[in-house]
Structures are given as C-alpha cells and as structure tokens.
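Residues per chain are reported as follows:
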Amino acid sequence: MTRILLIEDDTETADAIVSELTEHGFEVRWAPDGIGGLDRARESSPDALIVDRMLPGMDGLTVIEALRKDQVRTPVLVLSALGAVDDRVRGLRVGGDDYLTKPFALVELVARVEALLRRPIDSRETTLRAGPLELDLIERTARRGEREIDLLPREFRLLEYMMRRSDQLLTRAMLLEEVWNYKFVPATTNLIDVHMGRLRHKVDGSGETQLIHNVRGSGFILRVR
Amino acid sequence: MRQIEFIRSNTFLWTAAVAATLALFVAALFAFIYWKIDDYLVMRSDRMIATQLNFLAELPPARLNDAISDHLKQDSRGVQYAGLFDATGVRLSGNIARLPPQLDLGGPVQSVRLARLAPPAAHEAIVKAAGRRLGNGHILVMGRNVDEMREISSVVGQALLLGLLPAFCFCLLAGAWLSIRAQRRVEQVNRHVQRIVAGNLRERLPQTNADDPFARLARIVNGMLDEMETTINALAGVGNDIAHDLRTPLTRVRLALERGRTHAATLENLQDVVDKSIAGIDQSLAIITALLRLAEIESGNRTAGFGDVALDEILRQVCDVYEPIAEDKDIALCLAIDRNAEVRGDRDLLFEAIANLVDNAVKFTPRGGRVTLELVSDDKTVRVGVSDTGPGIGEGEREAVLRRFYRSDKMRNTPGVGLGLSLVAAIVKLHGFRLTICPTPGGRVEILAAARAMSRGAAASDPTRSRHASLAPM
C-alpha cells in the first residue's frame, strides 16, 4: 500500500485530504507541524510527501530542504496559499516536485499525487504503447491497432503525455502546465476541452471502444484497462 | 526662532563657507604679493648698498669724508647709514655711532644692529649693512634702513581690508537673499502639500514657465500627482467592482444551494446543485486569482525573467492554441508575419498578453468572421496587431476597457471576469511598450514595442498566409 505523509497545520483541510486520499487507497499519516513532520518523514520514509508551506515551528520549505540535504528523494507536493510565480519558483527550487495553490480541488490534489508517484520514466524507448495505441516517437506517427492516426504536432504531444500516464486522471490545470506550457489560467475556459475533443475524435473512431474519457468536473483519463 | 532657522539653513551656511574660502584665498594672494614685493625691495636695497660701497671705496682717501657727508645730505628720508672708522674702530666721519662688532667686513650685505649718531632717532635699529677695510686700514660701512617694508605691509593690509570686507558682506547678503527666497518657495510648496495630504487630491504645486530647478521640480511633482490621482481614483473604484463582481457568482451559489436543499429529491438533483455551486465558487476564485496576478504584475517585480523574446514564435504558438477554438466557431484565424522580430521582455507574460487579445477577439467575433494576428517590424519598432470582424470597441469605451472589471453591457453574458484587457495593459506597461485600441471598423488592438537587433534567420515569406498553411511544428 502506498504510504503518504501529510504535513499540514489546518485540521479541517488535513481531515478532508486524509479522507479523500484514504478513499483512493492510500495510507495517509498526518503531522500538524514542521518539526514533527520532518521527524516522521525521516523515521517512516513514506512514498510521497504533501507539505504545506506555512507551518508552525518550521516552515514547509525548510522541511523539504532538510530532507533533500539528507539525500531523501521522496517526491514532494508543496501546498500553499502563496501562488505568485516567484513563490512557485522558490518552492520548486528548494526541492519540491510539484506545487498546488490553495484553494484547490481534492481531485486535483489526488491527480497530482498520483502523477508524482508515477513520474514518467525517461525511457530510451522510441515507441510508446498503451492498449491498442502505439506512438513512434522518432517517426512521429501514431497508430490505433492497424489504423494510422493523423495528428498535428500539439495533438501528438498531448497524446504522448496521456499515454505516459494512462489510467490516471489528468486535470485541465496539469494539461495546461505540462502540454501547453501555460503559466496562467486562460480566459476561455473550454480551451482544453476543444483540443481534447479533436484528439478524441481522431483516437476513438466510430465503432471503436472509447479510450479518452471525460471525468465530470475534473479532467480527462486515457483508459486502456 | 526664525532667525536661527535662517542662519542654520543650508543655502546660508554654504554661502558663508564660500565667502570664508574666498576671503582666505584673497588674503593668501595679498600675502604672496607682499612677500614678493618685500623680497624685491630688499634685493634692490642690497644691490644699492653694494654699489655705493664699491663706489666710495674706490675714491681717494682725501675725498672720502666729503663724499660721505654729501651722500648723507642727499638722503632726505633719513634711511641711509654711512660711517668711516680707523683701524682701531674710532669714528672718523658719517652718522654711525660705533663700529658694529658683528659686521663681517668684506662679506655680503647683512642685517646688523646699528646705532645712529644724529637725529631723528638715536636708537639702535636693525638695518641692512656691509663694510669693507680700505687700503689705508680704515673701515667703511654703508647701510640702509629697510623699515619702509613695514609701511608697505600696512598699506597692503589696508587695501586688503578695504577690498575684502565689502566683498565678504556682499557674499553674505547674497547668501541670505538666496536662502530666504528658497525658504519662501519651500514654505509655499509645503502649504500646497499640506492641502494634498489633507485629502485635496486636485491640488497642484504652483508652476511657472521659468526654467529653474524649482519650476522643474514642480512640474515633476505635478506629473506624479496626476498619475497618483488617477491610480487612487481607480483603486477607489476597484474595491466596489470587486465586491460587485464577487457578489454575482456567490449569489448564484447561494440560490442554487438553497433551492437544492429544499427541492433536490434524488442524488442526481443534488449533484447538479453541487456542480453549479462549485462552478460559481470557481468563478469567484478565478476573479481573485486574476486580481492577485494583476497586482503581482503591476507591482513591477516581474522583471527578473526578462530576456530576448521572439515575438513571431509566440504568435505562432498562440495561433496554434486558438486555432481549434476559432474553427469550432467557424472563424478564420490568420497569421501574418512580415519578418521575425525580437523584443526584450518576459516570454510567459507576453504570451499571456497576446493570448488574451486573441481570446477576446475570438470570443467577440460572430460566426463566420475572421481574426487576424499580425507582426510588422522594422529595425526600430515591432508592432503586434490583433484585429477581428467583431463589433469592435466604441470610442467612448476605449479608455474604459482597460479598467479592471469593465465589461461592455453588450458582453455581460459572455463568460469571463473582465480583467483580460487590464492584464494586457499591465503587462504592456511593465515592458514599457504601448497599447493602442484602434478606431477601425471591427476590433483592432496593437502593441508597439522597441525591437531588439535581429540575430535570427530571415523573415517568413508570404505575409497573408492562412493559418492552416502556416502551422509550423512546435
């Protein structure tokens, strides 16, 4: 069972996070302050850490710094009310692997934790496979079974990102950041949906099993199992 | 109290210091002149003594006595000394009472103490003198009183005093006048500033057309006050705008929840209600996020990420992102790049600004319309224009659309929070570029920037290719 350590001082937020993650099959431990959190992280060596930035006793970034100094490579998701670009950069620079600004949706948190735990292995493979889908990274071609799929460069990148994280919920924010390199929320909220609609139209032909699913209110998933 | 303040004022202190320096300089100059004159006169008198001594020593001994008394008779000012002594030092003629013992016979002219025989003064004075032993063993001494140097020094001193004192006084008066003038103007500025501090934002410093530092300062401060008045007025409006714009989505949330609690009969009904509520809260959060972002950009702390940015690449990427959305609305999205151009700026922010403009253009252009994104540049300037065939922005609204939360009445029902153009304006201002909303039929917004020297490859050809043809691989 995947073990997660949550360091967060607000009891209600912590409760909500613990319940949600537990429902998703994680084993969650909770530490309400920085010093206790650091001790517990050292003792129990969890599979992932969720660290709030502003904590009593010791600030979240210091906790991460201390762990990184001990050569602990556990993936860390930083939670914070500070969302300015500089804050994010600082959070990532001290050793955070991802950054989530409060307030956030619980599905977003779970999706990001799952993404952290399954960080894409930078394999040397030149072909990606997920279910009936096959992506040739050198030729830049895509196939579904015997059928060739004609993709635009951006669609290719989107599908590659999804195939590397198949069976995993991908939120719109994650896609915007990773595939489109957006550092801001666009005014047109259906931007991702339009692109995804086109990709789905190409990937899921008529009479074929639907692979790209829209998860209501949350994001998208490439389901191959 | 005022006098002390005045004396302690900087202008006055500086003038006093300058006057003192000037006085010191003049005194030093006079001292130098005195020293040079003194030196010259002493040298001249030494030369005269030596010449007279030589002349008298050459005379035959019989004529010497007469020559000495002639020489003394011609000296109306009584400064000459002459004396003839025999080998044992007994006086033979002249006006020197005794042979001075310290006198080095045959040596150069030197200062010695000589006693004068005849009136006016019988006292011993220090004079310049030289002596020589003659062929017959007699001793001839010639001297000259150089006390007149003291007179010269007193004359110089008087001249110094007469010249310097008025100059010094004049300096002080000028300093006092300048100081009073400056203080009066500071007082005047202070009175105006007090009124501004008291809340009268329309108050301005008095301005004259004179080109003195005070007038320039007044112009600068007035410019600053104009800017601040605009900002403060805008801020005052923003508070209300935020409250109003947050109230709308929150009211929707409240209504949905209230109705849901009473009427939802099934789980699906309830989920619908919750979805609506979450959407309302998300919209409120979007407003807050956009405001924070605006504040972040406007605070001007975002210049750390500045570098050379290729605008043509940004334009291509923006087109790439918005093309499917435009196509869904049956709008042609065209890209026209006359040649590649680089500017100095933050890549992400510039992308955001241009994306916002295209977003707006696509949103407000009716079906079947056209949105054109163009990049025109020469060696000095780069112009990014986003034009569409939509309703455009009316003349009265051109200023207003840059304000926070301003949404045209026609557009009240389109999604968005009304901060897009404010963000664009803030980003453009942060970069020192210029934003223009053009008065053409349809909408057109331009960003004018200073170009960087081109280092990249030649221009893309064919200025008005359709978006479909120019889709470059990313």
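Structure: see above.
All values reported here derive from a predicted model rather than from experimental measurement. (Residues numbered from 1 in each chain as written. Chains lettered and ligands numbered in written order. Predicted model: local features only at pLDDT ≥ 70, side-chain atom pairs only at ≥ 80, totals over all residues. Heavy atoms only, no water.)

Caption draft 1: Quick peek at the pairing of strand β6 (residues 306–310) of chain B. All names here are of chain B. For β6, the buried fraction is high: four of the five residues fall into the buried class. Bridging between β6 and strand β8 (residues 342–346) involves five bridges; their strand directions are antiparallel. When the bridges of β8 are listed, Ala310 appears paired with Glu342. (Buried < 20%, exposed > 50% of the residue type's maximum accessible area, 1.4 Å probe, protein only. Helix = DSSP H or I, 4+ residues; strand = E, 2+ residues; numbered from the N terminus. Pairing = 2+ DSSP bridges.)

Caption draft 2: Just the sheet that holds strand β4 (residues 76–80) of chain A, in detail. Residue and element names in this part refer to chain A. Taken in spatial order, the five strands make up an open sheet running β2-β1-β3-β4-β5, and their pairing is parallel. Both outer strands of the open sheet, β2 (27–31) and β5 (98–101), are each paired with one neighbouring strand and no more. Along the sheet, successive strands turn relative to each other by an average axial angle of 20°, direction set aside. Bridge analysis of strand β1 (residues 3–7) against β2 gives five bridges, and the strand direction is parallel. Residue pairing for β2: Ile4 is matched across the bridge by Val28. Helix-sheet contacts for helix α1 (residues 11–23) involve β1, β2, β3 (48–52) and β4, and the interaxial angle to β2 is about 165°. (Axes fitted to C-alpha atoms, helices over the stretch in contact; angles between N-to-C directions. Contact = heavy atoms within 4.5 Å.)

Caption draft 3: Spatial organisation of the packing of aromatic side chains. Residues and elements named next belong to chain B. In this structure the tally under the stated criterion is one aromatic pair over all chains. Summarising the aromatic geometry, the rings of Phe32 and Trp35 are spaced 5.9 Å apart at their centres and angled 45° between planes, so their arrangement reads as tilted. Of this pair, Phe32 and Trp35 both sit in helix α2 (residues 10–58), separated by three residues, roughly a single helical turn. (Phe/Tyr/Trp six-rings, centres within 6.5 Å; stacked < 30°, edge-to-face > 60°.)

Caption draft 4: Expanded view of the sheet that holds strand β7 (residues 332–337) of chain B. All names here are of chain B. The strand order β7-β9-β10-β12-β11 describes an open sheet built from five strands, whose pairing is mixed. Of all strands in the sheet, those with a lone pairing partner are β7 and β11 (434–437), marking the two edges. Across the sheet, the axes of successive neighbouring strands diverge by a mean angle of 10°, strand direction being ignored. The pairing of β7 with strand β9 (residues 370–377) spans six bridges and is classified as parallel.

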